[in-house]
Amino acid sequence: MVLSTFNGIINIMIIPKKIIRSKRKSIALVVNSEGELIVRAPYYVNTSTIMGFVEAKQNWLRRQCSAVVAAKSKFCNITMSEGDIVKFLGEEYTISLCDVDNIILYGTYIKVPFAYSCAQLTAWLKEKALALLQKRVSYYSIVMGVLPKEVKISGARTRWGSCSFNNNINLAWHLIMCPLAVIDYVVVHELSHISNKSHDRAFWQRVAEILPNYREQEKWLKTNRKLMEVL
Ligand SMILES: [Zn+2]
């Protein structure tokens, strides 16, 4: 990046990190998840033309970069410091280190005893996840007329839920950070696998019968995947 001042305001000129040439016919600008600009361009377009194009798109590029920065701060790692954000059922709670014996949700704060470790917060969240997920599984088992063999809470950071060949259901404890509608979708998804192990048309039809808006929750899970890595 090149810094320049304009009317006393610092303007950041966003320049390409990489220019990738190929047989394509047009120039494409992509801001990746690191906030770097990657340019794809045809072989026959020279570098000064590319730079002119990049310069003309500066306002758009700045908007893209600030969206990346905002997305990154949304998933800050929890370090048990005052002010850290903990998500619980889709709501944000700010960590306040207090003289308390146990973790308490208080307004928009999560009061945490001094010197509590990440492992202790994880244990608390896991306990809440287990209690809630068991209730939601029981409820939807009745609604859907299916019975899972066993329900376990997992620490997997790669998947929100799974259903084994033997109908054992695993649900990630990180789900407790998600809104209830999202939790319900994962529960319904895995319970639907009891009678159908594939993701065929009939499977999605079954999910839609129970939760007609399931696509919204599916999309939420995709854009919030990084939640599984904050703690
Ligand atoms: Zn599935």
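Cut-offs and rules
Residues numbered from 1 in each chain as written. Predicted model: local features only at pLDDT ≥ 70, side-chain atom pairs only at ≥ 80, totals over all residues. Heavy atoms only, no water. Domains from an automatic or database assignment. Contact = heavy atoms within 4.5 Å. Buried area = accessible area lost by both parts, 1.4 Å probe. Salt bridge = Lys/Arg side-chain N within 4 Å of Asp/Glu carboxyl O. Polar contact = N/O pair within 3.5 Å; in protein donor to acceptor, adjacent residues only side chain to side chain. Helix = DSSP H or I, 4+ residues; strand = E, 2+ residues; numbered from the N terminus. Nonpolar A, V, L, I, M, F, W, Y, C, P; charged D, E, K, R; others polar. Pairing = 2+ DSSP bridges. Axes fitted to C-alpha atoms, helices over the stretch in contact; angles between N-to-C directions. pLDDT = per-residue confidence, 0-100. Buried < 20%, exposed > 50% of the residue type's maximum accessible area, 1.4 Å probe, protein only. Donors = N, O, S within 2.8 Å, 3.2 Å for Na, K, Ca; no water.

Caption draft 1: Structural context of the domain arrangement of the chain. The domains assigned to the chain are domain 1 (2-74), domain 2 (85-116) and domain 3 (120-229). Using C-alpha coordinates to define each centre, domain 2 is positioned 25 Å away from domain 3. Across the boundary between the two partners, domain 2 contributes ten residues, which contact twelve residues of domain 3. Contact between domain 2 and domain 3 buries roughly 1,000 Å² in total, counting both sides, with carbon and sulfur atoms accounting for 76%. If you look at where domain 2 meets domain 3, you find zero salt bridges. Taken together, domain 2 and domain 3 are joined by three residue pairs in polar contact (both at pLDDT 80 or more). Sorting elements by how many residues they give to the side of domain 2 that touches domain 3 places strand E6 (residues 85-88) first, with three residues. Residues belonging to the side of domain 2 that touches domain 3 are distributed by class as follows: eight nonpolar, one polar and one charged.

Caption draft 2: Local environment of the sheet that holds strand E3 (residues 16-22). On the basis of which strands lie adjacent, the open sheet formed by three strands has the order E3-E5-E4 and mixed pairing. Every interior strand has two partners, whereas the edge strands, E3 and strand E4 (28-31), have only one. Strand-to-strand twist across the sheet, computed as the mean angle between neighbouring axes with direction ignored, equals 20°. Here E3 pairs with strand E5 (residues 37-42) via six bridges, running parallel. Bridge assignment links Ile20 to a residue of E5, and that residue is Arg40. Its contacts with the sheet place helix H1 (residues 47-56) against E3, E4 and E5, and it is angled at close to 125° to E3.

Caption draft 3: Spatial organisation of the confidence of the model for the chain. Confidence along the chain averages 91 in pLDDT terms, with 95% of residues attaining 70 or more. The secondary-structure element of the chain with the lowest mean pLDDT is strand E1 (residues 2-6), recorded at 40, while helix H4 (residues 180-192) shows the highest, at 98. Throughout residues 1-10 the model reports pLDDT below 50, and contacts reaching past four residues in sequence, or to other chains, amount to 15 contacts.

Caption draft 4: Examining the pattern of salt bridges more closely. Scanning the entire structure with this criterion turns up five salt bridges. For Glu209, the salt bridge identified is with Arg206, shortest N-O distance 2.7 Å. Linking Glu209 with Arg206, this pair stays in helix H5 (residues 201-210), spanning three residues, or about one helical turn. We classify Arg206 as partly exposed; its relative accessible area is 25%.

Caption draft 5: Representation of the coordination of the zinc ion in the model. Bound to the zinc ion are the protein donor atoms His189 (NE2), His193 (NE2) and His199 (NE2), situated 2.0 Å from the metal. Between the donor residues of the zinc ion, the gaps in sequence give the motif H-x3-H-x5-H. In terms of burial, His189 and His193 fall into one category: buried.

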